[in-house]
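# Survey of secondary and tertiary structure
Here are the chains, one letter per residue:
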Amino acid sequence: MAESEDALAIRRVTERLMKAHPQLDAGLVHRSVQTAYEELRYARVRTYLPVLMERRAKDLLPPDEQTKAP
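Residues numbered from 1 in each chain as written. Predicted model: local features only at pLDDT ≥ 70, side-chain atom pairs only at ≥ 80, totals over all residues. Heavy atoms only, no water.

### Regarding the overall build of the protein chain
Check the secondary structure of the protein chain and you find four helices and zero strands. Each helix and strand of the protein chain, placed in order from N terminus to C terminus, yields the pattern α-α-α-α. In the protein chain, which comprises 70 residues, the proportion classed as buried is 26%. Intrachain contacts of the protein chain at a sequence separation of at least 6 include 57% that bridge at least 24 residues. (Helix = DSSP H or I, 4+ residues; strand = E, 2+ residues; numbered from the N terminus. Buried < 20%, exposed > 50% of the residue type's maximum accessible area, 1.4 Å probe, protein only. Contact = heavy atoms within 4.5 Å.)

### Considering a nonpolar patch on the surface
On the surface, Val-45, Tyr-48, Val-51 and Leu-52 cluster together into a nonpolar patch covering about 390 Å² of accessible area. On the secondary structure map, Val-51 appears in helix α3 (residues 49-60). Note on Val-51: relative accessible area 41%, which makes it partly exposed. (Patch = residues over 30% accessible without salt bridge, like charges linked within 9 Å, V, L, I, M, F, W, Y side chains within 5 Å. Areas by Shrake-Rupley, 256 points an atom, 1.4 Å probe, with all protein chains shown as cover. Salt bridge = Lys/Arg side-chain N within 4 Å of Asp/Glu carboxyl O.)

### Description of the side chain of Thr-14
Looking at the element boundaries, Thr-14 is found in helix α1 (residues 5-20). By relative accessible area, Thr-14 is classed as buried at 7%. Only 2.7 Å separates the side chain of Thr-14 from the backbone oxygen of Ile-10, close enough to count as a polar contact. The residues contacting Thr-14, other than those within four sequence positions of it, are Val-29, His-30 and Val-33. (Polar contact = N/O pair within 3.5 Å; in protein donor to acceptor, adjacent residues only side chain to side chain.)

Here's what the structure looks like:
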């Protein structure tokens, strides 16, 4: 069975954010992407959904200064 477009977008955004922020917990990154998706899932124009999800998920993640070890 093929993965839905939304599920594929969620997976790709999660992977990009985890690669960009390896110091963050994978569960935290996944939850932020899932929250971003839930906020945008009913958007009429779906073309930019992955970009908007990634931007919103980044906003939900803690700032880099808080995630670095002392």
